[in-house]
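# Summary of structural features
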Amino acid sequence: MKVTRLRFEHHHEPLGIGEPRPRLSWTATGTFRHQDAYEIETRDAHGTTRTHTVHSADSVLVPWPDTALTSRERREVRVRLWADGNPGPGPWSAWHPVEAGLLEPADWTCPAVSPDSDDPAAADPRPAHLLRTEFHLTAPVASARLRTTALGVHEVEINGHRTDDDVLAPGWTSYRDRLRHRTHDVTHLLHPGTNAIGAHLADGWYRGRLAFNGGIRDIYGDRTALLAQLEVRYTDGTTATFGTGPHWRSAPGPVTAACLLVGETHDARLERNGWSEPGFDDSDWDGVREAALDTATLVAPTGPPVRRTEERAPVETRHRPDGTVLLDFGQNLVGRLRIRVRGEAGHTVTLRHAEVLEDGDLCTRPLRGATATDRYTLRGAPGGEQWEPRFTYHGFRYAELSHWPGEFDPADVTAVVLHTDMERTGWFECSDPALDRLHENVVWSMRGNFLDVPTDCPQRDERLGWTGDLQVFAPTASYLHDCAGMLTSWLRDLSADTARDAGRVTPIFSPQIPVIVPFPVPEGNQPMAGWGDAAVIVPWTLYQRYGDLDILRRQYDDMRRWVETVHETAGPDHLWTGEFQFGDWLDPTAPPDAAWQSSTPNALVATAYSAHSTALVAETAALLGRTDDAEHFRTLAADIRTAFVRAFVTAPGRLTADTQTAHALALRFGLLPDEQHRTASADRLAQLVKESGHTIATGFLGTPVVCDALSEHGHLDTAYRLLLQRRPPSWLYQVEMGATTTWERWDSMLPDGTVNPGEMTSFNHYALGAVADWIHRTVGGLAPGAPGYRTLVIRPRPGGGITWARTAHTTPYGRAEVHWRQEDDGHLVVETQIPPATTAILELPGAEALHLGPGHHVHRT
């Protein structure tokens, strides 16, 4: 009964946080059934303690019990519990520190600076720049905090050492309203006397090329800038602050071109040895100018940064007649290459990247305007040199190296995987290796696309935070990784973008930027069904998976505004018709260059989503105590369902659109009027799947719901046959074709090994991987039965010839596991692990439901 893990909000590293009253969550050892009370003790910097005892069973996101943190304030917290009626408490946890960042705009006393060496009209892509200064410390340092952000992307060094391991900091937010800063403990890097601080600064998302047709640059501004504030506390208790200002110096660096889409060029001959160390001669450097940066936009992060999370060696090397070397890393990934090379000064090595091969060569056509090419010019170091780009990333499995000097050793090239450094929380495996590979593909697609922003794709000239993609994938994402902090930040950007829109319409991607879209869409930001619904569905999903009611409270105005916008658009008949819609995007019948031409009418899809989101807003309003809103939206949702039936249901089992998506949406969203209609529609859906040879016929919006629509209404076997089908279009067709991530199209690669001719042909897109949520809940058998998994539903439904499956998820209360196997005598054995202070409902085929307490259980039917 000892608390072993204590968290503040959704932070894994509670340093420099932005919440003055951070909520607390904990997990504990033992198998106690019920927490009776908890005691929280806080300790401030002076050693003063305060104890707060609360009689409550809550252990997830409980209120901060003490006075609010002030800027820079650090406290330590520990917790102990009473449980199961025992008169005495368990042992105290260890002390856990939490430290506030700068909570008020006025706390920032240093100005942002822009390098005079920067020419906004410079070549495209532009170079990166170096900035530096020196400062004097008069005594030994007790603690030091470096707080930084940039208009652009940056890396900081003190006395020749990196201050952190963040990548592409501060990431991408809606910069006009929200600019993240981070705080780092740099105490160990400082010493009495003269010290130096330096930064690399490049365009990144702020000023670099973004989105389609090779991208648009200077979207947020035409000058990059750095803001750094170093706050030092000496051992005698006095303090000093050093930071960016007019005394800083700037110069071009060795990165002569840096672009997220195009790639990076680095000339090592231009490196300036010792530039971030004291005593460096910067007399020939340029100055800096003060940059306009509104400190009211500065926000502390709610989730982790992008980091290097894995390294992979090539699994195959091909030496080609033209002298190039082709490397296969065995896994489609997102990141960049690190090379070790030896050669003459001035020799340039070129690195090109692609997700797939076509006719034995890199297939770069799907990258469109993203050339994804890095170049390194050697300085000629006798012992060799090592390089990894700083300010770009690529989506690739294959890399081509040109002009490699001397004999090539595959050990000299490493693929470095990048993504937001989320904690892995979900796992699945089973007796079918192909299904295991599909699940791994989903994991890798999430990793590659959750790179600060939840993007659609990581490789071509797009890489946008598409709302529709995320809303269908959010249940899967929140099972596989702890993405609550990251998506909380993204939702705040979505709110900011919505507030800036003239019609207050939820955008189709966030951060929202001007783009030249390569397909026909109406001018302006028009409501888009399934995409704008992310304003409702994503917060609702996070509440269900993490138990965080504050997410709903914070997002409620946007949720309500969205359904009201749709209601106004649909008019008094509640049917959303007329406008262009993305619809069931990229269903298998869509032509290669017309992804929106779905076999399911847009009006049916849009009206179904309108009913669904309205019902969720009604539930949200009830949870928040907004009784009038709850009643209003319940009535509106019922009216929309009635309108749906009137317009699209012709008879039991018959819809005006006889498609897999139409029936699946009607069933899953609860739009049909009675059991007769539901049964008939499910039967018709199963027949449609059978008539298609058990191949998939859904796009982005139908795919997440089709297996549930079948399995929940008596057609489990059909759902399994659909899931495990290997002929195209199907999930396992991609696996059969060698995929290691999920594809954008069901046929991104055609059966003959050629690449689909359509422009929208990504090999790393998580939307179609939304089926993993059904896999976790139905094949694995683990689902939330109450928000935050306070109650678990254990309901495995074996089928498809799978003889065993295992899934595990780190819930907010601890690790939950389900492992089932079919024995030779036909019996089903189910082993479960239930976290402390939770309950589970066990529902096995042909057996009565059982209520389980914490601990390990084995059941046999």
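Here the structure is a predicted model, which is why all the values come from computation and not from measurement. (Residues numbered from 1 in each chain as written. Predicted model: local features only at pLDDT ≥ 70, side-chain atom pairs only at ≥ 80, totals over all residues. Heavy atoms only, no water.)

### Some details on the sheet that holds strand β33 (residues 426-430)
Pairing is antiparallel in the open sheet, where five strands are placed in the order β33-β40-β41-β42-β45. On the outer flanks of this sheet lie β33 and β45 (855-860), each paired with one strand and no other. Ignoring which end each strand starts from, the neighbouring axes of this sheet average 5° apart. For strand β41 (residues 814-822) and strand β42 (residues 828-834), the ladder comprises six bridges, and the chain directions are antiparallel. (Pairing = 2+ DSSP bridges. Helix = DSSP H or I, 4+ residues; strand = E, 2+ residues; numbered from the N terminus. Axes fitted to C-alpha atoms, helices over the stretch in contact; angles between N-to-C directions.)

### A closer look at the packing of helix α2 (residues 433-449) against helix α3 (residues 467-480)
Geometrically, a packed helix pair is captured by the angle between its two axes and the distance between the axes. One can describe the packing of α2 onto α3 by two numbers: an axis separation of 11 Å at closest approach and a directional angle of 90°. Judged on the interaxial angle alone, α3 and α2 are roughly perpendicular. Residues His439, Val442, Val443 and Met446 of α2 form the contact with α3, whose participating residues are Phe473, Thr476, Ala477 and Leu480. Class assignment of the residues belonging to the contact of α2 with α3 gives a composition of six nonpolar, two polar and no charged. (Parallel < 35°, antiparallel > 145°, perpendicular 65-115°, else oblique. Contact = heavy atoms within 4.5 Å. Nonpolar A, V, L, I, M, F, W, Y, C, P; charged D, E, K, R; others polar.)

### Quick word on the sheet that holds strand β44 (residues 850-852)
Strands sit in the order β38-β39-β43-β44 across an open sheet of four strands; the sheet is mixed. The two strands at the open ends of the sheet, each matched to only one other strand, are β38 (782-784) and β44. Within the sheet, the average angular offset between the axes of one strand and its neighbour, ignoring direction, is 25°.

### Overview of the pattern of salt bridges
Under the definition given, this model contains 78 salt bridges. Of the charged contacts, one joins Arg75 and Glu73 as a salt bridge, the two residues approaching to 2.8 Å between their closest N and O atoms. An identical accessibility class is assigned to Arg75 and Glu73; each is buried. Its salt-bridge partner being Arg777, residue Asp708 comes within 2.6 Å of it at the nearest N-O pair. Linking Asp708 in helix α11 (residues 703-711) with Arg777 in helix α14 (residues 772-780), this pair joins segments that are 69 residues apart in sequence. Linked through salt bridges whose partners overlap, the residues forming this network are Glu13, Asp165, Asp166, Arg182, Arg307 and Asp421. (Salt bridge = Lys/Arg side-chain N within 4 Å of Asp/Glu carboxyl O. Buried < 20%, exposed > 50% of the residue type's maximum accessible area, 1.4 Å probe, protein only.)

### Comments concerning helix α8 (residues 627-648)
Taking 1.5 Å of rise per residue, the 22 residues of α8 would be expected to cover 32 Å, and the 31 Å separating its terminal C-alpha atoms lies within 8% of that figure. Buried residues of α8: Asp629, Ala630, Phe633, Leu636, Ala637, Ile640, Ala643, Phe644, Val645 and Phe648, and no others. Buried residues belonging to α8 abut α6 (549-570), α7 (602-623), β36 (649-651), β37 (654-655) and α9 (660-668). (Expected span 1.5 Å × (residues − 1).)

### Structural notes on the environment of Asp222
By the secondary structure assignment, Asp222 is in the loop between α1 (204-207) and β16 (225-234). Judged by relative accessible area, which is 42%, Asp222 ranks as partly exposed. In sequence terms Asp222 and Ala169 are 53 residues apart; their C-alpha atoms lie 18 Å from each other. Sequence-distant contacts of Asp222, defined by excluding residues within four places in its chain, comprise Pro120 and Arg207.

### Concerning the packing of aromatic side chains
Under the definition given, this model contains 26 aromatic pairs. Seen from their ring centres, Phe582 and Trp585 are 5.2 Å apart, and the 70° between their planes marks the pair as edge-to-face. Put simply, the rings of Trp466, Phe509, Trp531, Phe580, Phe582, Trp585 and Trp596 pair up and form one aromatic cluster. Against the face of Trp444 rests Arg447, its NZ or CZ located 4.2 Å from the ring centre. Over the ring of Tyr393 we find Arg463, and its NZ or CZ is 4.7 Å from the ring centre. (Phe/Tyr/Trp six-rings, centres within 6.5 Å; stacked < 30°, edge-to-face > 60°. Lys NZ or Arg CZ within 6 Å of the ring centre and 35° of its normal.)

### Let's talk about the nonpolar core
One recurring pattern in soluble globular proteins: nonpolar side chains tend to sit buried together. Core analysis: the largest hydrophobic core is formed by 172 residues, its most contacted members being Trp205, Phe450, Trp585, Leu723 and Trp731. At 11 residues, α7 tops the list of elements feeding residues into this core. Filtering out sequence-adjacent residues up to four positions away, Phe450 remains in contact with His419, Thr420, Met422, Leu470, Phe473, Ala477, Cys483, Met486, Leu487 and Tyr766. (Core = buried A, V, L, I, M, F, W, Y, C linked by side-chain atoms within 4.5 Å.)

### Considering α3
Residues lying three or four places apart along an α-helix face the same way, a consequence of the helix completing one turn every 3.6 residues. Taking 1.5 Å per residue, 14 residues should reach 20 Å; α3 reaches 19 Å between its end C-alpha atoms and fits that length. The principal kink in α3, of about 60°, is found at Phe473, preceding the proline Pro475 by one to four residues. The buried count for α3 comes to 14 of 14 residues, which makes it a mostly enclosed element. (Bend = angle between axes of the 7 residues up to and from the residue.)

### Things to note about unusual backbone geometry
For residues besides glycine, phi is generally negative; the peptide bonds are generally trans as well. Ser510 connects to Pro511 through a cis peptide bond whose omega is 0°. Within the secondary structure, Pro511 is located in the loop between α4 (484-500) and α5 (534-546). Residue Pro728 is joined to Pro729 through a cis peptide bond whose omega torsion reads -5°. When you line up the elements, Pro729 lands in the loop between α12 (716-724) and α13 (731-736). With a phi angle near 65°, Ala837 is a residue other than glycine that sits in the positive phi range. Its place among the elements puts Ala837 in the loop between β42 and β43 (839-842). By relative accessible area, which is 16% here, Ala837 ends up buried.

### Thoughts on the packing of helix α10 (residues 675-691) against α11
Put simply, α10 and α11 touch, their axes get as near as 9 Å, and they point 120° apart. Considering their axes alone, α10 and α11 lie oblique with respect to each other. Note on packing geometry: the crossing formed by α10 with α11 is left-handed. Counted together, Ala682, Leu685, Ala686 and Val689 of α10 and Val706, Ala709 and Leu710 of α11 form the full contact between these two elements. In the contact of α10 with α11, the residues fall into seven nonpolar, no polar and no charged. (Left-handed = near helix turned anticlockwise from the far one by under 90°.)

### Remarks on the pairing of strand β29 (residues 373-377)
For β29, a buried count of four out of five residues is recorded, marking the element as mostly surrounded by other parts of the structure. Of the strand pairs in this sheet, strand β20 (residues 263-267) and β29 are connected by three bridges, and their pairing is parallel. Bridge pairing in β29 links Asp267 to Thr377. Pairing of strand β26 (residues 348-354) with β29, which is carried by five bridges, proceeds in the antiparallel orientation. Residue pairing for β29: Arg352 is matched across the bridge by Thr373.

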